Amino acid sequence: MRSTAFVPQRRRWDLLTHTIRRQLRAQVGKHAHTWSFLLGIAVCGLVFGAIVAGQLGQADKLVLGNALEQLFIALAHHQVASGSEVWAQRALSDAELIGCIWLFGVSVIGIPFIVGAVFLKSFTVGFGVAYTTLQFGWKGFVVASIGIFAHQLIILFTLFIASATAIRFSYQLVMQAVPVSRLTVQFLRYTGTFLLCSGGIMLGASIQAFMVPALLTQLIG
């Protein structure tokens, strides 16, 4: 009896997983051009950030180097801000960025600003990783990988989802591709996606606030 009852349940589960995979493939294929475009913008931002970091003048390098050394000293002596304070600052900053992208998405002229936000975020990550690596060698690369790149990957992925959603919604508004009768539903779905993106923001802020300082302290120590 157990074996005969288990077969239909397994079939239903296989059908469900197959349907989910098919829907995911359809969504990825449908919006692959948007993701490819955003990925190209992000790569350009990372590369330009690294180039600018390598072209800094000696005075700028000295100022940034002193700031990094002060940060390392503060970490070694446990004199940094508390995890809750860092989490609140990081989460608020990234939430403001996601909120701006949401606002750009409901605007018919918001697509260039969305692209600019992705580029600037990628630029800052590329600049930070490249400068730390150039300034401190392989140790700087390790520090940058832990202190910058790890949690920023989550933020960038969240930013990609938000930006792709905003670009599609803004394009639909411009082309009037959504009937007025369905506009409210589409807007609620659009806003719901951004609310889900807040989970990625909180996760990235948590890693930076509670995990990164401890890892860097152990590394410096």
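Right above here is the structure, for reference.
Please read all numbers here as calculations on a predicted model, not as lab measurements. (Residues numbered from 1 in each chain as written. Predicted model: local features only at pLDDT ≥ 70, side-chain atom pairs only at ≥ 80, totals over all residues. Heavy atoms only, no water.)

Comments concerning the overall build of the chain
Turning to step 1, where the next piece is worked out: Secondary structure assignment for the chain yields 6 helices and 0 strands.
Turning to step 2, where the next piece is worked out: Along its sequence from the N terminus, the chain presents helices and strands in the succession α-α-α-α-α-α.
Turning to step 3, where the next piece is worked out: In the chain, the share of contacts with a sequence separation of at least 24, taken over all contacts with a separation of at least 6, comes to 85%.
Turning to step 4, where the next piece is worked out: Carbon and sulfur atoms provide 70% of the accessible area of the chain, an area that totals close to 13700 Å². (Helix = DSSP H or I, 4+ residues; strand = E, 2+ residues; numbered from the N terminus. Contact = heavy atoms within 4.5 Å. Areas by Shrake-Rupley, 256 points an atom, 1.4 Å probe, with all protein chains shown as cover.)

Comments concerning the packing of aromatic side chains
Turning to step 1, where the next piece is worked out: One pass over the full model with this rule turns up 12 aromatic pairs.
Turning to step 2, where the next piece is worked out: Ring centres 6.3 Å apart and planes at 5° place the aromatic pair Phe127 and Tyr131 in the stacked group. With Phe127 and Tyr131 both in helix 5 (residues 111-175), this residue pair falls 4 residues apart, about one helical turn.
Turning to step 3, where the next piece is worked out: Cluster of aromatic residues (ring-pair linked, three or more members): Phe48, Phe119, Phe123, Phe127 and Tyr131. (Phe/Tyr/Trp six-rings, centres within 6.5 Å; stacked < 30°, edge-to-face > 60°.)

Overview of the pattern of salt bridges
Turning to step 1, where the next piece is worked out: Tallied over the full model, the rule gives 2 salt bridges.
Turning to step 2, where the next piece is worked out: A salt bridge links Arg90 to Asp94, with the nearest nitrogen and oxygen atoms 3.2 Å apart. Taken as a pair, Arg90 and Asp94 lie in helix 4 (residues 83-105) at a separation of 4 residues, close to a single helical turn. Assigned by exposure class, Arg90 and Asp94 land together as buried.
Turning to step 3, where the next piece is worked out: Taking the shortest distance from any N to any O, the salt bridge between Asp94 and Lys121 comes out at 3.4 Å. Highlighted residues: Asp94 in helix 4 and Lys121 in helix 5, separated in sequence by 27 residues. As far as the burial class goes, Asp94 and Lys121 line up, both buried.
Turning to step 4, where the next piece is worked out: Several salt bridges converge on common partners, so that one network encompasses Arg90, Asp94 and Lys121. (Salt bridge = Lys/Arg side-chain N within 4 Å of Asp/Glu carboxyl O. Buried < 20%, exposed > 50% of the residue type's maximum accessible area, 1.4 Å probe, protein only.)

Quick word on the environment of Gln152
Turning to step 1, where the next piece is worked out: The residue Gln152 is located in helix 5 in this model.
Turning to step 2, where the next piece is worked out: Given the relative accessible area of 7%, Gln152 is considered buried.
Turning to step 3, where the next piece is worked out: Separated by 30 residues in sequence, Gln152 and Ser122 place their C-alpha atoms 9.1 Å apart.

Regarding the nonpolar core
The nonpolar side chains of soluble globular proteins are, as a tendency, buried together.
Turning to step 1, where the next piece is worked out: Counting residues in each nonpolar core, the largest one holds 25 residues, and the members touching the most others are Ile98, Ile101, Val118, Leu159, Ala162, Ala166 and Phe194.
Turning to step 2, where the next piece is worked out: Within the residue set of this core, elements represented by two or more residues are helix 2 (32-54), helix 4, helix 5 and helix 6 (180-220).
Turning to step 3, where the next piece is worked out: Ranked by the residues each element gives to this core, the list is headed by helix 5, at 16 residues.
Turning to step 4, where the next piece is worked out: When near neighbours in sequence (up to four residues on either side) are disregarded, Ile101 contacts Ile114, Ala117, Leu159, Ala162, Ser163, Ala166, Tyr190 and Phe194.
Turning to step 5, where the next piece is worked out: Counting 5 residues, the second-largest nonpolar core is a separate cluster that includes Ala53, Leu56, Leu68 and Ala130. (Core = buried A, V, L, I, M, F, W, Y, C linked by side-chain atoms within 4.5 Å.)

Description of the side chain of Thr34
Turning to step 1, where the next piece is worked out: You can see Thr34 is positioned in helix 2.
Turning to step 2, where the next piece is worked out: Looking at Thr34, the relative accessible area reads 8%, which means it is buried.
Turning to step 3, where the next piece is worked out: Excluding residues within four positions of it along the chain, Thr34 makes contact with Ala164 and Ile167.

Quick notes on the packing of helix 2 against helix 5
Turning to step 1, where the next piece is worked out: As a packed pair, helix 2 and helix 5 sit with axes 10 Å apart at the nearest point and diverge in direction by 150°. The orientation of helix 2 with respect to helix 5, classified from their angle, is roughly antiparallel. The hand of the helix 2/helix 5 crossing is right-handed. (Axes fitted to C-alpha atoms, helices over the stretch in contact; angles between N-to-C directions. Parallel < 35°, antiparallel > 145°, perpendicular 65-115°, else oblique. Left-handed = near helix turned anticlockwise from the far one by under 90°.)

Geometry only, nothing functional implied.
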